[in-house]
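Structural overview for review
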Amino acid sequence: MTEKIAILNQTDSMPSTKEGAQQFLRKLKDSDFPDAMVKQMSPQDILFAMDQADEEQLTDLLLLVSKEQFDSIIDLSCWDGYTPSIEKVETLIAPLVATGLEGAMQALDKLENELKTLILKNHITVYLREDKDDDEPWVPDTSDFITTPDGFYFIEIPFADDQTDVVKQLIQALLFKPFEEYHAEFQCVLHDLPSELEESALRWREGRLGDLGFGTIEEGMALLSPIDPVTLQTELDKKIKESKIPHPLVTVGTLPAVYAENFKGIDLLDQSLEILLKSNGKDVIARMEYLPAEITAMTNLFLTGIRCKMSSIDDVTKGTKLARNTLALGLNAIAGNSPRIGAKALTHLVPGQLIHGAMGLLMPLKKRAETLLKSPSFEKGSRLDEYYQAALKCLNSTVPGWWHKLEDESVLDGSFISPLDEEIEGISNIETVKVIDNILLEIESLEDIFTEKLNFDLENYLKIEETLTVSSIIYNYLANAYLTGEPLFEPLDKEDAENFAESFCDEKPDNALLQAINVLAPITGISKEGTIDPFTEEDPAKRALLKVLKTGLELLNVDPLSFSILK
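Our subject in this report is the structure included herewith. Please read these numbers as outputs of a predicted model, since none were measured by experiment.

Take the packing of aromatic side chains next. Applying the stated criterion to the full structure yields 4 aromatic pairs. With 5.5 Å between their ring centres and 80° between their planes, Phe179 and Tyr182 make a pair best called edge-to-face. A residue pair is termed a helical-turn pair when its members lie 3 or 4 positions apart in one helix, as Phe179 and Tyr182 do in helix α11 (residues 179–191) at 3 residues. Under the relative-accessibility criterion, Phe179 is labelled partly exposed at 37%. Its relative accessible area of 4% is what places Tyr182 among the buried residues. Counting every residue linked through ring pairs, the aromatic cluster contains Phe152, Tyr153, Phe179, Tyr182 and Phe186.

Here it is in structure tokens:
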């Protein structure tokens with residue numbers, strides 16, 4: 001049991017936070033067995049430690065990592081899309097090479113052949129002695145050159161190059177190799193095409209990343225495809241009945257510490273895992289052996305799908321929390337916030353299926369938001385008050401980039417006038433989805449009011465006016481009713497708009513809102529009796545309109561002329 005707990009909670013000795021990384025680096029320096037400490041680290045955790053290391057600590061880490069770890073570090077941090085960034089590779093190995101010949105030899109041994117050749121091709125020109133009439137080739141004043149011990153090659157190195165010292169050290173280390181090795185390398189520099197080298201390096205990289213569970217961009221995006229949660233629930237019930245546990249899709253070792261740390265904090269997920277850890281059932285024990293690897297693979301694939309910058313630890317941390325929230329939402333979709341059912345779901349379903357279930361909830365919300373934004377009533381949201389604009393803006397961005405906005409209300413600060421009344425919170429449970437669904441329902445109700453119940457020619461009306469919000473359209477309607485006794489959408493002149501705003505603001509807010517309700521009640525069916533608090537109104541259409549009116553009143557009380565219809 002202790003071993004199972006350690007599998008999912010390995011953050012004590014690993015750099016899972018910035019403070020933890022600094023502490024780890026201090027322990028590494030004082031350790032009698034630094035090789036053993038580094039050997040058990042995942043590539044993500046090594047990158048986390050490197051991010052917090054000073055130059056000396058960074059050199060120590062690079063000297064201690066294995067070739068496999070070194071390859072993965074480069075795979076995750078030194079590529080721009082599908083192309084290796086040689087500049088980033090050079091920056092990465094610079095501290096290692098700067099230690100001298102031994103460090104440069106290590107860098108050569110750890111670099112894969114294609115990247116090694118690309119570095120040299122980027123900086124040097126190689127000549128064969130037989131190509132020159134003189135004993136030595138002519139070299140311009142802006143360059144230096146090295147002659148190989150056998151006199152077979154001349155290597156020209158430009159002085160002005162930022163990486164001159166790194167390249168010189170690499171060449172000196174290369175010349176300490178047997179003739180066959182450096183001869184083969186210089187032949188590659190002379191004859192190999194960069195595009196072929198990059199293509200070969202990409203093939204190796206994709207294979208290594210696939211072994212870690214990253215997969216391709218297409219596979220990552222496929223993870224975000226939706227499945228109806230009801231279908232998933234049916235599948236779970238069937239597997240529980242038959243006591244089937246899923247065959248592990250990918251086995252990539254234990255959960256990286258940076259992932260384990262950021263998978264904490266969602267009650268349903270934490271409690272479901274806790275139940276699994278305390279269970280002695282044979283199926284659960286068998287499952288727990290592979291679950292950390294599957295969570296790792298799912299997270300890696302998820303980060304691939306959202307195009308997370310793997311060299312940025314902050315981005316990885318945010319992306320991991322996003323994966324956690326989405327996994328928890330999918331868990332909630334079929335477990336109904338029950339940790340015991342959640343534990344069964346983790347036993348009988350793979351984490352990727354739960355991500356699909358979460359997307360089955362979220363995708364319809366996005367599609368509804370996109371439909372609303374195409375409506376002529378709102379014209380990309382510009383006709384909505386800030387409350388609704390913020391909600392639609394969250395739902396409109398590319399999936400799944402908008403999830404973190406819904407997770408953290410502070411992201412929306414300044415995008416709207418009043419807070420979202422704590423309705424937008426961590427998107428890790430069904431209740432939050434219901435809140436978002438409510439917001440969309442209110443906007444759809446507003447659209448219905450404007451396009452059908454109010455029955456006015458919005459397109460022609462907007463040609464006359466500048467930017468209008470729902471509030472300004474409603475207030476134009478109210479102003480006509482207030483001034484003429486007849487609720488029309490005829491444009492007001494500036495004097496009429498001013499008179500209306502000043503008269504309306506002279507009223508107490510509750511009285512002014514009640515007057516607005518009196519005018520709109522025949523259209524919307526809002527009751528003129530009792531409370532006029534939007535948050536106690538159950539009907540979405542009425543609540544939506546009341547919120548718009550209340551926001552408008554608050555704006556009018558600040559600036560009576562802010563809703564003058566004609567500027």
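Taken as a whole, this structure holds 14 salt bridges when the rule is applied. Here Asp109 and Lys177 are joined by a salt bridge, their closest N and O atoms 2.6 Å apart. Separated by 68 residues along the polypeptide, Asp109 in helix α8 (residues 101–110) and Lys177 in the loop between α10 (164–175) and α11 bring together distant segments of the chain. The partner of Arg203 in a salt bridge is Glu199, with the nearest N and O atoms 3.5 Å apart. Remark: Glu199 and Arg203 occur in helix α12 (residues 194–212); sequence separation between them is 4 residues, near one turn of the helix. Arg203 gets classed as exposed once you look at its relative accessible area, which sits at 53%. Residue classification places Glu199 among the partly exposed positions, given a relative accessible area of 48%. Each of the salt bridges in this network shares a partner with another, and the network as a whole consists of Asp75, Glu112 and Arg208.

Calculation rules
- Residues numbered from 1 in each chain as written.
- Predicted model: local features only at pLDDT ≥ 70, side-chain atom pairs only at ≥ 80, totals over all residues.
- Heavy atoms only, no water.
- Phe/Tyr/Trp six-rings, centres within 6.5 Å; stacked < 30°, edge-to-face > 60°.
- Helix = DSSP H or I, 4+ residues; strand = E, 2+ residues; numbered from the N terminus.
- Buried < 20%, exposed > 50% of the residue type's maximum accessible area, 1.4 Å probe, protein only.
- Salt bridge = Lys/Arg side-chain N within 4 Å of Asp/Glu carboxyl O.

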